[in-house]
Amino acid sequence: DRFVTFVLLTRKKVEAIKMSVYGDHQWPKTIYNEANDMILVSELAYIFGQLMNVSRNMKEKGEPFVGLDVDDDEKIARSGVEDSDLKRSFTPGEIIKLIEDNYEVISKEIKDSDLQDNITWLKEIQARVDVSKMERPLTLAEFDDQHQKEECVYGITRDSVEKRITLVMRGTSNQLAMASNWKHNFQCLSKDIQIPDSLKGKLDIDQFEFHTGFYDYLFMEAKGKGTTKYAEMLKDVKSILAIYPDHKLYVTGHSLGGALSTLAAFFFACETDIPKPVSCVSFAAPRVGKGNFLKAICCLEKTANIRMLRVNNDNDSVPTSFPGYQHVGFQVILYKKGWFGGVDDPDIAYAGNEDEDWFSRAVRGWNNGMISNINFNGYEHGGATYMERIELGKDSLQKHSLNDLYFDEKIVGYKIQKELI
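Every value quoted in this text rests on a predicted model; they were computed, and no experiment measured them.

Trainee: It is not clear to me how the packing of helix α2 (residues 31-60) against helix α13 (residues 383-392) should be interpreted in this structure. Could you clarify?
Mentor: Helix-helix packing is characterised by the crossing angle of the two axes and by the distance between the axes. Two elements in contact, α2 and α13, have axes whose closest approach is 10 Å; the angle formed by their N-to-C orientations is 160°. One way to sum up the angle between α2 and α13 is to call them roughly antiparallel. Crossing angle aside, the handedness with which α2 passes α13 is left-handed. Residues Y32, A35, N36, I39, L40 and E43 of α2 touch α13, and the partners they reach there are G383, Y386, M387, I390 and E391. Residue composition of the contact of α2 with α13, grouped by class: seven nonpolar, two polar and two charged.

Written out as structure tokens, the structure reads:
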């Protein structure tokens, strides 16, 4: 009995310490929950971007798209809705209805199998939040619905069940901006950028080296706005957080979207008026910065200003791109079924432990290398493939939480000391 009491008291003490660092926010219980929720939300934003494109094409042909209006500036809004707060707000169920009401015209531009997958994913998201019995608990609250073929594209969801605002960055694979996206992917020379004012004095560096294409895509001038894309996103994020001050900020994306989410989350975490920590959950993200960027991320992690989780498929070569740059945060590598139906448990590693032993460092380097991820056996990069592997690794991923990993000093090599920016 004394032993059981000791264990319970120890657990309560640990939870109290975590709460003192990360607050009393209702954080996801496991890595599975964080990864699964974020990949589904990413798909929601991707799906809606496709619908917006179809609706604009229909307008050009002079044909209706049931449920959506396109004005002269090509802004999208719900048809027949007068409430300004609801006019540009969509639940997963409402997006399903848009697909169903316009199935014939959408299927001319999007494969039927993809549409059926989209409906399945949207139903899964809606079912998760419906149990709350809240009114419109999860919505696509804002979206960058102009200049999709030229600019970095994003959507913002509001989830009042999990109390989070999620900025979704769209990636390379979308057909709407393929040329523009690949152009920025290949601008891989480094670019020197001064560190944010909020980090000055906290680091022994004064600048970073970023992947030029990724950085410029995020900080390019937004067409017709007189400001950068990052500033536009920041304004939208702040306006929603002002309405929901008890919500935390997440940033997510796949492929190029994963790279952009890594950068955006970092700069959000350096903003003094964004609630901390900012959480970044990326999928198939290539490297974006060199050694000084890793130092800066570690500084933010140690002080509870950011949480970083990168999810990669084994044999996905995209995350191995751009050697010379470095990965950051926690990494989860997912595996597919083997020859006899078995599945290896996901590998979990941390990039910022300065005391990491040489063998662990070598294994992590090998796992992130281009040679070990050369793929001769199928396509391992798509979002659907990531969903599938998250499910395959579910049992193992449910044994870990991101917050617990950050509090394991053997893994991270430091003790978190809360010092919010």
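Trainee: Sorry, what's going on with the sheet that holds strand β4 (residues 154-159) here?
Mentor: Within a sheet, adjacent strands bond to each other through the backbone by hydrogen bonds, running parallel or antiparallel. If you walk across this open sheet you meet the eight strands as β3-β4-β5-β8-β9-β10-β11-β12, and the pairing is mixed. Single-partner strands in this sheet number two, and they are β3 (138-143) and β12 (347-350). In this sheet, adjacent strand axes meet at a mean angle of 20° when their direction is disregarded. Relative to strand β10 (residues 306-313), strand β9 (residues 278-283) is paired through six bridges, and the arrangement is parallel. When the sheet's bridge partners are listed, S282 is paired in β10 with R310. Packed onto the sheet, helix α11 (residues 291-302) meets β10 and β12 and runs at close to 120° relative to β10.

Trainee: Just checking my understanding: could you explain α2 for this structure?
Mentor: Residues that lie three or four places apart on an α-helix share one face, since the helix turns once every 3.6 residues. With 30 residues, α2 extends 44 Å from end C-alpha to end C-alpha; this agrees with the ideal 44 Å at 1.5 Å per step. Along α2, 26 of the 30 residues are buried, which leaves the element largely enclosed by surrounding structure. Where α2 begins, the capping side chain belongs to T30, and its oxygen is found 3.3 Å from the backbone nitrogen of Y32. Phi turns positive, to about 75°, at G62, one or two residues after α2.

Cut-offs applied
Residues numbered from 1 in each chain as written. Predicted model: local features only at pLDDT ≥ 70, side-chain atom pairs only at ≥ 80, totals over all residues. Heavy atoms only, no water. Axes fitted to C-alpha atoms, helices over the stretch in contact; angles between N-to-C directions. Helix = DSSP H or I, 4+ residues; strand = E, 2+ residues; numbered from the N terminus. Parallel < 35°, antiparallel > 145°, perpendicular 65-115°, else oblique. Left-handed = near helix turned anticlockwise from the far one by under 90°. Contact = heavy atoms within 4.5 Å. Nonpolar A, V, L, I, M, F, W, Y, C, P; charged D, E, K, R; others polar. Pairing = 2+ DSSP bridges. Expected span 1.5 Å × (residues − 1). Buried < 20%, exposed > 50% of the residue type's maximum accessible area, 1.4 Å probe, protein only. Polar contact = N/O pair within 3.5 Å; in protein donor to acceptor, adjacent residues only side chain to side chain.

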